[in-house]
Amino acid sequence: MSTPLILLIVFGIVLVLMYNSLVSKKNQVENIFSTIDTQLKKRYNLIPNLVASVSKYMEHEKSTLEELTKLRSDANKPNLSQKEKIALDKKVSQALGSIMISVENYPELKANENMMHLQRTLFELEEQIAAARRAYNQAVTDYNNALEMIPTNIMASLMGYTPKEWFEIDENERKNLDVKKLFDNI
Amino acid sequence: MKTSLSELTDFYYKELYETLKKLEERRLKLKKKIINYTLVAFVLITLFLWQFSKASLSAETLVFAFVLYTGTGSFIYKFLTRDFVSNFKESIIEPLIRKIDTNLHYFKDVHIPDHHIYASTLFDSPIDKINGNDYVTGKIEDVPIAFSDIHLEKKVKDSKGRTSWHTVFQGLFIVSEFPKSFHSHTYVFPDTAQSLLGEYLGSLVQNNNFFAKGKLVKMDSPEFEKEFVVYSDDQIEARYILTPALMEKLLNFQKRLKEPLSVAFSGKNIYLAVENNQDLFEPSVFHSLLKYKIAMQYVETLHLALGIVEELKLNQKLWSKK
């Protein structure tokens, strides 16, 4: 076999490997996003129940509750892009967070069994979502790195790949909730 | 765990003092006896060898003599100290464990059940021999916990067909229930590749490690990544288990240990293996039992092993665990 031919074959193999690694990185991002999507849906499904349980007690937080209901109906719209879903998730996390803090001001509500169950479910879901977000961010980092690094960047621009956005992780979220304090009255 | 380290140390020196003093007297007598016996054995073996080899010292005779000396020495030591060691464990180690929690049980002669060792899937090599002792089992704050000393070995045959035993792992093995439910297998190992080869090359090796268990999981804590490497067959669940808070706690635990720590999350349990390459809780005839350093070794190891429930917050059963 002549040298140019060998070089050509090696070059071909390198191209295939680069192409495959880019595709697998992109799919990894998509896969993890679909897991987040499922978890977010689970959380959206908790919202009506939550709103129903707390609205009797909460007078001052009416607007937040209304916003939550609206966000949920926004999230149920078909054909949302990943970017829109990420933005919605951020708003929902903030609204839910502020409601959970307000619960502290209503001792009667805090002691309610239904409410406690809701809080537990929500807390566990939040933990799962947080884990999935971190996995997503890592996958996006790997993908974006490949898009910027030589030589995969040339291949990626030919394939029309564009950088993807991260989930912003709230600093408050990084600190684990003090569970004992939250459920001191159990 | 309500008993603090200083309380435990106080207990060792105050309430166990009388027992310690008696044991200490016995230890000194035993030390004398062992030295005498060893000297006699040494003289006898030398005489025998001298007769046998007629004073012509070849390399082989020297090796044979060395094996004979150390073999006889360790046999005499083990034989003479058996009762002393057993007595020490019953009258010192057991009360210490009871002091920590009365619900704990201690078995000085057995090790943690084999199925825990296999279920952890922490050890790659085939395990042909499991030894160990000082098995502690029970519940701390309602969380099941068990640990013991273990020594795992595998049989190795060389080209000439001779078999020898190689240590796979020696150290402390702890198992406890993990508060979250999960289905994957996740492993945390000391990061040897990255500390040897640097960050970039090391991560290349880790990524393409065919012997690895599952895929490499890059964690989002730089300090944690520096110390450990994580493998899992589920990227998301690995992060569900290893929250930023747990990563921080594992790091702190590792700092206190100073010895390589491997962790596995499998089934519903967390398994921790601390590779210190020594048999723990064995009193030495040549060191005083009253010495602070020696005492602290026993007390600290117990406190560390039984402290993981609190340290890693395994008692927070908020998660609706099935």
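Preceding block: the structure.
Model, not experiment: these values are computed from the prediction. (Residues numbered from 1 in each chain as written. Chains lettered and ligands numbered in written order. Predicted model: local features only at pLDDT ≥ 70, side-chain atom pairs only at ≥ 80, totals over all residues. Heavy atoms only, no water.)

**Examining the overall build of chain A**
Alright, step 1. Along chain A, the regular secondary structure elements total 8 helices and 0 strands.
Alright, step 2. Beginning at the N terminus, the succession of helices and strands in chain A can be written as α-α-α-α-α-α-α-α.
Alright, step 3. Counting only residues that meet the buried cut, chain A has 38% of its 186 residues in that class.
Alright, step 4. Expressed as a percentage of contacts within chain A between residues at least 6 apart in sequence, the contacts between residues at least 24 apart total 78%. (Helix = DSSP H or I, 4+ residues; strand = E, 2+ residues; numbered from the N terminus. Buried < 20%, exposed > 50% of the residue type's maximum accessible area, 1.4 Å probe, protein only. Contact = heavy atoms within 4.5 Å.)

**Quick word on the overall build of chain B**
Alright, step 1. A count of helices and strands for chain B gives 10 helices and 10 strands.
Alright, step 2. Each of the 322 residues in chain B was classed as buried or not, and the buried ones make up 48%.
Alright, step 3. Nonlocal contacts in chain B, meaning residues at least 24 apart in sequence, comprise 69% of its contacts between residues at least 6 apart.
Alright, step 4. About 17200 Å² of surface is accessible on chain B, with carbon and sulfur atoms providing 58% of the total. (Areas by Shrake-Rupley, 256 points an atom, 1.4 Å probe, with all protein chains shown as cover.)

**Quick notes on the environment of Asn103 of chain B**
Residue and element names in this part refer to chain B.
Alright, step 1. When you line up the elements, Asn103 lands in the loop between helix H3 (59-100) and strand E1 (105-107).
Alright, step 2. On the basis of relative accessibility, which here comes to 47%, the residue Asn103 falls in the partly exposed class.
Alright, step 3. Not counting the four nearest positions on each side in its chain, Asn103 is found in contact with Thr137, Gly138 and Lys139.

**Thoughts on helix H10 (residues 292-311) of chain B**
Residue and element names in this part refer to chain B.
Alright, step 1. Along its 20 residues, H10 runs just 25 Å from first to last C-alpha, ending more than 12% under the 28 Å computed at 1.5 Å per residue.
Alright, step 2. The largest bend in H10 amounts to roughly 35° and is located at Ala305.
Alright, step 3. H10 sits mainly inside the fold: 14 of its 20 residues count as buried.
Alright, step 4. Note on H10: the residue one or two positions beyond its end, Lys313, has a positive phi of about 55°. (Expected span 1.5 Å × (residues − 1). Bend = angle between axes of the 7 residues up to and from the residue.)

**Remarks on a nonpolar patch on the surface**
Residues and elements named next belong to chain B.
Alright, step 1. A cluster of nonpolar residues, Val40, Phe42, Val43, Leu44, Leu47 and Trp50, forms a patch on the protein surface that exposes about 630 Å² of accessible area.
Alright, step 2. Take Leu44: it is sitting in helix H2 (residues 17-53).
Alright, step 3. You can call Leu44 exposed: its relative accessible area is 54%. (Patch = residues over 30% accessible without salt bridge, like charges linked within 9 Å, V, L, I, M, F, W, Y side chains within 5 Å. Salt bridge = Lys/Arg side-chain N within 4 Å of Asp/Glu carboxyl O.)

**Considering the pattern of salt bridges**
Alright, step 1. Applying the stated criterion across every chain yields a total of 23 salt bridges over all chains.
Alright, step 2. Between Arg43 of chain A and Asp89 of chain A there is a salt bridge, and its shortest N-O distance comes to 2.6 Å. Of the two residues, Arg43 of chain A sits in helix H1 (residues 3-55) while Asp89 of chain A sits in helix H3 (residues 82-103), which places them 46 residues apart along the sequence. As far as the burial class goes, Arg43 of chain A and Asp89 of chain A line up, both buried.
Alright, step 3. The partner of Asp10 of chain B in a salt bridge is Lys14 of chain B, with the nearest N and O atoms 4.0 Å apart.
Alright, step 4. When its relative accessible area of 42% is taken as the criterion, Asp10 of chain B is described as partly exposed.
Alright, step 5. Judged by relative accessible area, which is 62%, Lys14 of chain B ranks as exposed.
Alright, step 6. Linked by salt bridges that have partners in common, Arg43, Asp89, Glu126 and Arg133 of chain A make up one network.

**Focus on unusual backbone geometry**
Alright, step 1. Omega for the peptide link from Ile150 of chain A to Pro151 of chain A comes to 0°, which places this bond in the cis form.
Alright, step 2. Looking at the secondary structure, you find Pro151 of chain A in the loop between helix H5 (113-148) and helix H6 (152-159).
Alright, step 3. For Thr121 of chain B, which is not glycine, the phi dihedral falls at a positive 45°.
Alright, step 4. With respect to the helices, strands and loops of the structure, Thr121 of chain B is situated in the loop between helix H4 (114-120) and strand E2 (129-131).
Alright, step 5. Judged by relative accessible area, Thr121 of chain B falls into the partly exposed class, the value being 30%.

**Description of the packing of H1 of chain A against H5 of chain A**
When two helices pack together, their arrangement is given by the angle between the helix axes and the distance between those axes.
Residues and elements named next belong to chain A.
Alright, step 1. At a closest axis distance of 9 Å, the pairing of H1 and H5 adopts a crossing angle of 160°. As the angle between them shows, H1 and H5 are arranged roughly antiparallel. Where H1 crosses over H5, the handedness of that crossing is left-handed.
Alright, step 2. Its residues assigned to classes, the contact of H1 with H5 comprises 22 nonpolar, 7 polar and 7 charged. (Axes fitted to C-alpha atoms, helices over the stretch in contact; angles between N-to-C directions. Parallel < 35°, antiparallel > 145°, perpendicular 65-115°, else oblique. Left-handed = near helix turned anticlockwise from the far one by under 90°. Nonpolar A, V, L, I, M, F, W, Y, C, P; charged D, E, K, R; others polar.)

**So, the packing of aromatic side chains**
Alright, step 1. Summed over all chains, the structure comprises 17 aromatic pairs over all chains.
Alright, step 2. On the basis of an interplanar angle of 20° and a centroid distance of 6.3 Å, the ring pair of Phe33 of chain A and Phe167 of chain A is categorised as stacked. Of this pair, Phe33 of chain A sits in helix H1 while Phe167 of chain A sits in the loop between H6 and helix H7 (171-174), and the two are 134 residues apart along the sequence.
Alright, step 3. A residue is classified by how much of its surface remains accessible, and Phe33 of chain A, at 5% relative accessible area, is buried.
Alright, step 4. In textbook terms, an aromatic cluster arises when at least three aromatic residues are bridged by ring pairs, as seen for Phe123, Phe169, Phe173 and Tyr271 of chain B.
Alright, step 5. The ring centre of Tyr143 of chain A lies 5.7 Å from the NZ or CZ of Lys164 of chain A, which sits over that ring.
Alright, step 6. A cation over an aromatic ring shows up here: Lys129 of chain B above the ring of Trp165 of chain B, its NZ or CZ 4.3 Å from the ring centre. (Phe/Tyr/Trp six-rings, centres within 6.5 Å; stacked < 30°, edge-to-face > 60°. Lys NZ or Arg CZ within 6 Å of the ring centre and 35° of its normal.)

**What to know about the pairing of strand E5 (residues 163-177) of chain B**
All names here are of chain B.
Alright, step 1. When strand E4 (residues 143-157) meets E5, the two strands line up antiparallel, connected through 13 bridges. Residue Lys157 lies in a different strand from E5, and its bridge partner there is Thr163.
Alright, step 2. Turn length for the E4-E5 hairpin, with the two strands adjacent in sequence and antiparallel, is 5 residues, and the turn residue Gly161 shows positive phi of about 85°.
Alright, step 3. Pairing analysis gives 6 bridges linking E5 to strand E10 (residues 269-274), with the strands arranged antiparallel. In the sheet register, Val175 faces E10, and the bridge partner there is Tyr271. (Pairing = 2+ DSSP bridges.)

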